[in-house]
Amino acid sequence: MAEYIITIDASDLKNKVDFLRKRLTPERANAMLRNICRETGKQVRPILKKEIPREYHATKAWIGSSTKRMRSGGGISCVIPLASTRGTIGGRIKASGGRAGWVPRGAHYRITAKIVKGQQSVLPQWLSSYGGNPPFRNTSAQKLHGAVFTRLSKNPFPIERVSALAVPQMPTNRAQPMVEADIHEALSAALDRHIGELL
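Residues numbered from 1 in each chain as written. Predicted model: local features only at pLDDT ≥ 70, side-chain atom pairs only at ≥ 80, totals over all residues. Heavy atoms only, no water.

**Describing the packing of aromatic side chains**
According to the stated counting rule, one finds 1 aromatic pair in the structure shown. Look at Phe136 and Phe149: their rings are 6.2 Å apart centre to centre, the planes differ by 25°, and that puts the pair in the stacked class. Note that Phe136 is positioned in strand E7 (residues 135-136) and Phe149 in strand E8 (residues 149-151), a separation of 13 residues in sequence. Pair check on accessibility: Phe136 and Phe149 agree, each one buried. One Lys or Arg, Arg151, reaches over the ring of Phe136 and ends 4.8 Å from the middle of that ring. (Phe/Tyr/Trp six-rings, centres within 6.5 Å; stacked < 30°, edge-to-face > 60°. Helix = DSSP H or I, 4+ residues; strand = E, 2+ residues; numbered from the N terminus. Buried < 20%, exposed > 50% of the residue type's maximum accessible area, 1.4 Å probe, protein only. Lys NZ or Arg CZ within 6 Å of the ring centre and 35° of its normal.)

**Re unusual backbone geometry**
Here the amide bond leading from Phe157 into Pro158 is cis, since omega sits at 10°, within 30 degrees of zero. Its place among the elements puts Pro158 in the loop between E8 and strand E9 (159-161).

**Here we look at the sheet that holds strand E4 (residues 95-97)**
Reading across from one edge, E4-E5-E6 is the order of the 3 strands in this open sheet, with antiparallel pairing throughout. Here the strands that pair on one side only, and so sit at the sheet edges, are E4 and strand E6 (121-122). Both E4 and strand E5 (residues 111-113) contribute to a ladder of 3 bridges, which runs antiparallel. Following the sheet pairing, Ser96 is matched in E5 by Thr112. (Pairing = 2+ DSSP bridges.)

**Quick notes on helix H2 (residues 26-41)**
Taking 1.5 Å of rise per residue, 16 residues should cover 22 Å, and H2 covers 22 Å from first to last C-alpha, within 8% of that figure. Every buried residue of H2 is accounted for by Ala29, Met32, Leu33, Ile36, Cys37, Thr40 and Gly41. (Expected span 1.5 Å × (residues − 1).)

Pasting the structure below:
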């Protein structure tokens, strides 16, 4: 299972944090900062569900199940752990190509997958990370639901489903700038609300 961490740099919000600490006791200030992190954390799933699909073919349900509870990274920094298995091609990740029936060993043909928006990803003819054999997709085997497989050796079996990205890789890759900007904005807005209550 892939695990990644989104860390939000909130160093530019130091003046707001300092204001809270000057107006409150250390205990109250720390409690308020924890509440601010919790309030921001509740918005992380909606943010990821909005921003990741702009760049990737990923369902909101898959994204939501991969987002774990936000925690404080010390001070006003916030850490969002993400964890999920990689998306199987022909499963969570749509695929096309293949042929009816079982492909002979060593034969290869074009299989594409929808991973990044606006692009068709063509699978390599030989999958070195799985044992160096071609991918195949038996379109007539209904129980396989169109999944893409590869053989792990020169023998007919075992076979394994071919996977691509996991959700945690998405907000730390192409979607990273938008995700970090939205979470930072939510964090700053939460600080402003609590400061406003003290004024």
